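What follows is the residue order along each chain.
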Amino acid sequence: MTTPRTEADELGDPLGAAQLAPPGAVTVVVPTFNESESVGELLHRLTESVPSRLSCEVVFVDDSTDGTPEAIRDAAQDCPFPVTVLHRETPVGGLGGAVVEGLRRAGSDWIVVMDADLQHPPDLVPELVAAGERSNADLVVASRYIRGGSRQGLAGGYRIAVSRTATWLTKALFPRGLSGISDPMSGFFAIRRSAVATMVTAGALKPLGYKILLELAVRCRPGPVAEVPFVFQERYAGESKSTAREGLRFLKHLAGLRTSSPLARMVAFGVIGLTGFLPNLLALHAFTTAGMHYLPAEVVANQFGVLWNFLLIEMLLFRDRRGHRRWADRLGRFALLANADLVLRIPLIALLVGWLGMAVLPATGLALLLTFLLRFAATETLVYLPGKARTRRTGTTA
């Protein structure tokens with residue numbers, strides 16, 4: 001019988017410092033949120049499924065508001081392997097953030113991530129590790145969408161449609177990062193500790209919600225990928241965590257991943273800027289219809305487009321760079337840059353036409369391009385200053 005470790009006990013060193021278990025050993029990371037009715041059965045089935053020759057530990061990262069930690073500790077007394085419970089008072093990053101916390105504390109060569117509700121069959125844990133060893137893969141995904149797999153545990157046509165749509169969308173947005181992964185929405189997978197160690201130690205993972213496999217596949221780019229089929233089971237107890245709010249967080253996560261490179265951010269910045277013409281024109285129409293002179297109406301209406309662009313950029317483009325300035329400060333700086341763009345463009349066009357002899361249309365197009373590039377660079381550096389630059393400037397950590 002093994003006494004479970006808790007958050008008050010030694011949780012192991014962070015990645016890069018822990019003493020590694022023998023090759024083939026596995027750390028099972030289980031994020032939990034109000035799963036007190038399921039965790040005992042999960043540990044029981046893991047005990048029955050994991051052979052004694054496979055060195056195993058289980059790390060629960062818990063964000064619950066019920067008695068889940070106590071239920072884990074009670075059930076762990078009958079487990080032949082170590083069990084760790086880490087309860088987080090602040091659930092940063094949701095269930096995905098909980099998984100990253102578990103990755104940080106894993107001490108085995110292989111890490112298996114699974115849910116606590118038993119929709120992921122525990123008896124597949126040894127097979128995930130074995131498939132990785134056989135194929136020399138860095139990532140092994142339990143897939144519902146290959147031969148032998150099934151999504152039968154999804155309740156109702158609505159959830160099936162949402163799952164399939166999310167799968168199609170992610171594969172369309174990340175064709176290279178998700179190459180060889182038929183089920184990027186799966187929350188059941190095994191990954192080599194060495195494939196995530198650098199990113200976890202550097203704090204480079206930024207999960208939002210519960211689709212952690214997508215985060216790991218896109219940001220860590222693990223090497224060879226293998227898949228094993230699995231049948232998605234019905235929940236053992238409790239309620240689904242798939243809500244409209246989680247769906248919105250998922251879309252924000254997709255946007256953050258897709259715009260993580262400078263070029264992608266610049267393209268997205270331009271697209272968002274184009275959408276700002278709609279509120280601008282609507283406001284201009286309203287003001288001029290009400291009798292306002294068109295010149296002040298142009299100036300005031302432009303602020304509606306600026307506010308629209310700012311809100312979209314905040315939500316979709318620089319979500320992870322908002323912590324170092326107050327909201328009003330960011331809005332003021334953004335509005336100043338956006339309006340300065342208008343002031344700069346006219347003398348720039350005059351310079352290109354009068355001094356360089358360019359025609360008006362090409363000069364206008366070039367001025368639009370130059371001011372756009374300048375505004376994008378200024379927005380990144382002056383409004384959403386990256387953490388590293390801020391650290392160098394202030395001498396403090398972000």
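The shown structure was predicted, so the numbers you read here are calculated from the model rather than taken from an experiment.

Let us now look at the overall build of the protein chain. Of regular secondary structure, the protein chain possesses 14 helices and seven strands. The buried share of the protein chain, taken over its 398 residues, is 46%. Here the analysis covers contacts within the protein chain between residues at least 6 apart in sequence; of these, 78% occur between residues at least 24 apart. Counting every atom, the protein chain has about 19700 Å² of accessible surface; 61% of that belongs to carbon and sulfur.

Okay, helix α11 (residues 294-317) next. For α11, with 24 residues, the first-to-last C-alpha span of 33 Å sits near the 34 Å given by 1.5 Å per residue. Every buried residue of α11 is listed here: Ala 297, Ala 301, Asn 302, Gly 305, Val 306, Asn 309, Phe 310, Leu 312, Ile 313, Glu 314 and Leu 317. Packed against the buried residues of α11 are α9 (262-275), α10 (277-289) and α12 (327-354).

When pLDDT is averaged across the protein chain, the result is 80; 84% of the residues are at 70 or more. Within the model, pLDDT remains below 50 along residues 1-21, and this stretch shows 50 contacts once partners closer than five positions in the same chain are excluded. Counted against residues more than four places away or in other chains, residues 387-398, with its pLDDT under 50, gives 11 contacts.

Let us now look at the packing of aromatic side chains. By the definition in use, this model includes eight aromatic pairs. An angle of 15° between the planes, with centres 4.5 Å apart, marks the rings of Phe 318 and Tyr 384 as stacked. With Phe 318 in the loop between α11 and α12 and Tyr 384 in the loop between α13 (360-383) and α14 (387-394), this residue pair connects regions lying 66 residues apart in the sequence. Pair check on accessibility: Phe 318 and Tyr 384 agree, each one buried. Geometry around Phe 232 places Arg 144 over its ring, the cationic atom sitting 5.4 Å from the centre.

Turning next to the pattern of salt bridges. All told, the structure shown has 12 salt bridges when counted by the stated rule. Close ionic contact of Asp 63 with Arg 88 constitutes a salt bridge, the shortest N to O distance being 2.8 Å. Here Arg 88 lies in the loop between β3 (83-87) and α3 (94-105) and Asp 63 lies in the loop between β2 (56-62) and α2 (68-76), a separation of 25 residues in the sequence. Arg 88 gets classed as buried once you look at its relative accessible area, which sits at 11%. Arg 333 is paired through a salt bridge with Asp 329; the nearest N and O atoms lie 3.0 Å apart. Of the two residues, Arg 333 and Asp 329 are both situated in helix α12; the distance of four residues between them amounts to about one turn of the helix. With a relative accessible area of 31%, Asp 329 lands in the partly exposed category. Put simply, Glu 101, Arg 104 and Arg 105 are held in one network by salt bridges that share partners.

The next thing to look at is the packing of α12 against α13. For the pair α12 and α13, interaxial distance at closest approach is 9 Å and the crossing angle is 155°. By the angle between their directions, the pair α12 and α13 is classed as roughly antiparallel. Taken as a pair, α12 and α13 cross one another with a handedness that is right-handed. For the contact of α12 with α13, the per-class residue count stands at 19 nonpolar, three polar and five charged.

Our next topic: α13. The terminal C-alpha atoms of α13 lie 32 Å apart, and with 24 residues this matches the ideal 34 Å at 1.5 Å per residue to within 8%. Among the residues of α13, those classed as buried are Ala 363, Ala 367, Thr 371, Arg 375, Phe 376, Ala 378, Thr 379, Glu 380 and Val 383.

Turning next to the sheet that holds strand β6 (residues 189-192). Pairing is mixed in the open sheet, where seven strands are placed in the order β3-β2-β1-β4-β6-β5-β7. With one partner strand each, in any of the chains shown, β3 and β7 (225-229) form the two edges of the open sheet. Pairs of neighbouring strands in the sheet enclose a mean axial angle of 20°, with direction left out of account. In this sheet, β6 lies alongside strand β4 (residues 110-113) in antiparallel orientation, the contact comprising four bridges. Residue pairing in the sheet places Val 112 in a bridge with Ala 190 of β6. Against the sheet, α2 engages β1 (26-32), β2 and β3, with an angle of about 170° to β3. Packing against the sheet, helix α6 (residues 193-201) makes contact with β4 and β6, and its axis sits at approximately 75° to β6.

For strand β5 (residues 139-143), the tally of buried residues reaches five of five residues, placing the bulk of the element in the interior. Covered by surrounding structure in β5 are Leu 139, Val 141 and Ser 143 together with Val 140 and Ala 142, the residues of both alternating faces. The pairing of β5 with β6 spans three bridges and is classified as antiparallel. Looking at the pairing, Val 141 lines up with Phe 189 of β6.

Procedures and definitions
- Each chain carries its own residue numbering, running from 1 in the direction its sequence is written.
- Local features are withheld for residues below a pLDDT of 70 in this predicted model, meaning they are given only at 70 or higher, and side-chain atom pairs are given and counted only at 80 or more; totals for whole chains, interfaces and linings count all residues.
- Based on all heavy atoms of the structure, the side-chain values leave hydrogens and waters out of the count.
- The way it works is that DSSP assigns letters per residue, a run of H or I at least four long becomes a helix, a run of E at least two long becomes a strand, and they are numbered from the N terminus.
- For every residue, the accessible area (1.4 Å probe, protein chains only) is compared with the maximum for its type, and the residue is labelled buried under 20%, exposed over 50%, or partly exposed between those bounds.
- Throughout, a contact is declared for two residues whenever any of their heavy atoms are within 4.5 Å.
- Areas reported as accessible are Shrake-Rupley estimates using a 1.4 Å probe. Residue values count occlusion only from the protein chains shown.
- How far a helix is expected to stretch is found by multiplying one less than its residue total by 1.5 Å.
- The predictor attaches a confidence to each residue, and that confidence, scored 0 to 100, is pLDDT.
- For Phe, Tyr and Trp, rings pair up if their centres lie within 6.5 Å, where Trp contributes its six-membered ring, and each pair is then called stacked (planes under 30 degrees apart), edge-to-face (over 60) or tilted (otherwise).
- A ring has a charge above it when a Lys NZ or an Arg CZ is no more than 6 Å from the ring centre and no more than 35 degrees off the ring normal.
- Take a side-chain nitrogen of Lys or Arg and a carboxyl oxygen of Asp or Glu: if they are within 4 Å of each other, that pair is a salt bridge.
- Helix axes use the C-alpha atoms of the stretch in contact, all axes being lines fitted to C-alpha atoms, and the angles between their N-to-C directions lie in the range 0 to 180 degrees.
- Put simply, angles under 35 degrees are roughly parallel, angles over 145 are roughly antiparallel, angles from 65 to 115 are roughly perpendicular, and the rest are oblique.
- By definition, any crossing whose near helix is turned counterclockwise from its far helix by less than a right angle is left-handed, and any crossing with a clockwise turn is right-handed.
- For this scheme, ten residues count as nonpolar: Ala, Val, Leu, Ile, Met, Phe, Trp, Tyr, Cys and Pro. Four count as charged, namely Asp, Glu, Lys and Arg, and the remainder, Gly too, count as polar.
- Pairing between two strands requires that DSSP report at least two bridges joining them.

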